[in-house]
Amino acid sequence: MRLLIVGALEGQLTTATKLAMDGGAKVAHAPSIEIALASLRAGRGADLLLVDVMMDIAGLIAGLDGERIVIPVVACGTESNAAAAVNAIRAGAKEYIPLPPDAELIAAVIAAVARESSDFLYRDPVMARVVKLAEQVAPSEASVLITGESGTGKEVMAKYLHSRSKRASRAFISINCAAIPEALLESELFGHEKGAFTGAIARRIGKFEEASGGTLLLDEISEMDVRLQAKLLRAIQERLIDRVGGTKPVPVDIRIIATSNRNLSEAVKEGSFREDLLFRLNVVNLKLPPLRERPGDTAALADHFVEKYAKANGLGRRVLSAEAREALLRAPWPGNVRELENTLHRAVLLSGGEIIGPDAISMPDGTGLSEVVAMASVATQAAQTAETISRAMVGRTVADVERDLILDTLDHVLGNRTHAANILGISIRTLRNKLNQYADEGVAVPGPGEQRNSAA
C-alpha cells in the first residue's frame, strides 16, 4: 500500500505513518495540493490520500477527476473543524478523521482502503497443490490468470506470486477493473498527455508505466469493456502502450497477472471477452478452490482470525470451542475467506468470555451459525435428491419419462382427469388421448378414485 499525506500533517499523523509502515506500506508527503497532483501525474502513485481538512479538498478532488486519477481521499482535522469536515465530505472525501487520531480508527481506515488480507495461510492439501503450482511458475515471466469465487484470496495469491518472482524488489501495482468507470479506466491504465481532454493539464503516468520493471495486477479483468480489451491486448503482446492523446508508443517492461470470478470461456461465448486476450492471459491458470472445499484451511484460518482480532481489540485470549469449530467446518461460506474473517471478527467482539461457542457466532443479519449449518444441510440434501432424480432419467426416452410423469400425477389425484390435466398444464383431451394410448400398449391406467396398484 502507498500512502500520501497532503499538507502539514506529518507531526499529527505520526501514529498513522507508523501503522502504515509497520504494515509494509510506503508513506510519502506532499506539502501542497499542487505538489501532490504533480507527484501522482509523474507515476509516484498512491492508494490513499490523507489530506488536511483546511486545504482546498474540493479543488483537489476536482483536479483528480479532471485528470482521471482514481484515489480515495480522507480528510483529517481537529474536532473543532466541524464545518470544514462537513464541506470535505460534501466535496467527495470518503471519510473524516479527527485529530489527534485514534490509533484503531486510523488502522481500520488504512486496512479498508488497502483491502489487505492477513498472512497467506493454508493447510488443506487441495490448496497446497495450487500453491505448489504457483511456486513453480512464479520465477517465470509468464502471464498468470487467477480464477475463483469472490473472497477466495485471488489478490493474496497474486502478491504471493510477485514476492517469489524475479521482480520481487520492484513495484507491485494493482488496479480493480470493476471499481473504475469505463470512461476513466483507459487513462488509469495507460496515462494521458497534456491537453488530451478537458482537465488534462499535464502528462499523467498510468498504471502500466508505474509498474514497469515489476508486476501489474488486473483485478476482475472480466469487467473491462471489450473495446478497451483490444488496446490491452496490444500492450501485452508488444510491451508498448499509447497514452491517451499520445503520438508515439511508450515501451513498458511488466509481468501481467489477472484475476476473475467469472468463467472467461463463457464470457468469450457471450461476446463480452476477447478470445485472443484470454489466450494471452491464460498461459498459466491458478484456480483457487472455494473455502467449503478446503476444510483444513477453514480450521487454520479460524484460529488465526480469532487470535488476530482478539489482539487488535485489546482483548484477552480467545479460543474456539470444539462445537464452534465443528459448526464452522460444516457452514457453506458463500463469501469464502472474506466472510469467515468478518464473522470471526464479530464473534471475538461479541463473545462474553475466553471460550467462543457456536452461539456466539452469528451472521450480519443475526442468523446464528447453527441455523446457517442446518439450512445448508437441507439445501445439500435437496440438491442431492434433485441430482439423483436427474441421473435416473439419463438413458431413458422422452416418451418413457412423459408416461411416468402423467401416470404418477394421476395416482397423486386418485385418478381425477381434470385435476391431473391442470397440474400437468395440458388439455383434458390431450390427457385422455395419452391414457388411451397407454391402455392400448397394455399399461395399467387408474380409473377415477383409483391408483395404479389398486387398479392392477
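Before reading further, recall that the structure is shown in the block above.
Residues numbered from 1 in each chain as written. Predicted model: local features only at pLDDT ≥ 70, side-chain atom pairs only at ≥ 80, totals over all residues. Heavy atoms only, no water.

Novice: Hey, could you run me through the overall build of the protein in this one?
Specialist: Helices and strands together make up the secondary structure of the protein, namely 20 helices and 14 strands. Counting the 456 residues in the protein, one finds 44% classified as buried. At a minimum sequence separation of 6, the contacts of the protein that also span at least 24 residues come to 69%. Of the accessible surface of the protein, which amounts to about 22,700 Å², a share of 53% is contributed by carbon and sulfur atoms. (Helix = DSSP H or I, 4+ residues; strand = E, 2+ residues; numbered from the N terminus. Buried < 20%, exposed > 50% of the residue type's maximum accessible area, 1.4 Å probe, protein only. Contact = heavy atoms within 4.5 Å. Areas by Shrake-Rupley, 256 points an atom, 1.4 Å probe, with all protein chains shown as cover.)

Novice: Where do I start with the layout of surface pockets in this structure?
Specialist: Over the atoms rolls a probe the size of a water molecule, and its path tells where empty space is left. Approximately 270 Å³ is the volume found for the second largest pocket. Around the second largest pocket sit 18 residues that line it, and Thr147, Arg262, Asn263, Asn285 and Lys287 are the ones nearest its centre. Among the secondary structure elements, those contributing two or more residues to the lining of the second largest pocket are β6 (144–147), α11 (264–270) and β12 (284–287). (1 Å grid on protein atoms, 1.4 Å probe; cavity = no way out; pocket = protein on both sides within 12 Å on 5 of 7 lines; lining within 4 Å. Points joined across faces, edges and corners; volume = space filled by probe spheres on them.)

Novice: Which parts of the structure should I look at to understand the packing of aromatic side chains?
Specialist: Each aromatic ring pair is described using two quantities: the centre-to-centre distance and the angle formed by the ring planes. What the rule picks out here adds up to one aromatic pair. Here the aromatic rings of Phe190 and Phe208 are separated by 5.2 Å at their centres, their planes lie at 25 degrees, and the arrangement is stacked. Placement of Phe190 in helix α8 (residues 182–190) and of Phe208 in helix α9 (residues 207–210) is noted, with a sequence separation of 18 residues between them. As far as the burial class goes, Phe190 and Phe208 line up, both buried. (Phe/Tyr/Trp six-rings, centres within 6.5 Å; stacked < 30°, edge-to-face > 60°.)

Novice: Even after reading the chapter, I still don't get helix α4 (residues 82–91), so can you show me in this structure?
Specialist: Within an α-helix, residues lying three or four positions from one another point in the same direction, as the helix has 3.6 residues per turn. The set of residues buried in α4 consists of Ala84, Ala85 and Ala88. Across the axial projection of α4, the buried residues extend over an arc of 100 degrees, all falling on one side. Exposed residues pointing more than 90 degrees away from the buried face of α4 are listed as Ala83 and Arg90. Residues of α4 that are buried sit in contact with α3 (57–66), β4 (73–78) and β5 (95–99). A positive phi of about 125 degrees marks Gly92, the residue just after α4. (Arc of directions from axis to C-beta.)

Novice: I keep staring at the pattern of salt bridges and nothing clicks. Help me out?
Specialist: Side chains that differ in sign of charge can pair as their charged atoms come close. By the definition in use, this model includes 27 salt bridges. Between Arg167 and Glu141 there is a salt bridge, with its nearest N and O atoms 2.6 Å apart. Here Arg167, found in the loop between α7 (154–163) and β7 (172–176), pairs with Glu141, found in the loop between α6 (125–137) and β6; they are 26 residues apart in sequence, far enough to count as distant. We classify Glu141 as partly exposed; its relative accessible area is 41%. (Salt bridge = Lys/Arg side-chain N within 4 Å of Asp/Glu carboxyl O.)

Novice: Please explain the sheet that holds strand β8 (residues 215–219) as it appears in this structure.
Specialist: Two strands in a sheet stick together by hydrogen bonds in their backbones, pointing the same way (parallel) or opposite ways (antiparallel). Taken in spatial order, the five strands make up an open sheet running β7-β8-β11-β6-β12, and their pairing is parallel. One side of each edge strand has no neighbouring strand; the edge strands of this open sheet are β7 and β12. Strand-to-strand twist of the sheet, defined as the mean angle between neighbouring strand axes without regard to direction, takes the value 20 degrees. Where β8 meets strand β11 (residues 255–260), four bridges bridge the pair, whose relative direction is parallel. (Pairing = 2+ DSSP bridges. Axes fitted to C-alpha atoms, helices over the stretch in contact; angles between N-to-C directions.)

Novice: Looking at this structure, how should I read the sheet that holds strand β1 (residues 2–6)?
Specialist: Pairing is parallel in the open sheet, where five strands are placed in the order β2-β1-β3-β4-β5. In this open sheet, the two strands that pair with only one neighbour each are β2 (26–30) and β5. Between one strand axis and the next, the sheet turns through 25 degrees on average, direction left out of account. The pairing of β4 with β5 spans five bridges and is classified as parallel. By the bridge assignment, Gly77 is partnered in β5 with Pro98.

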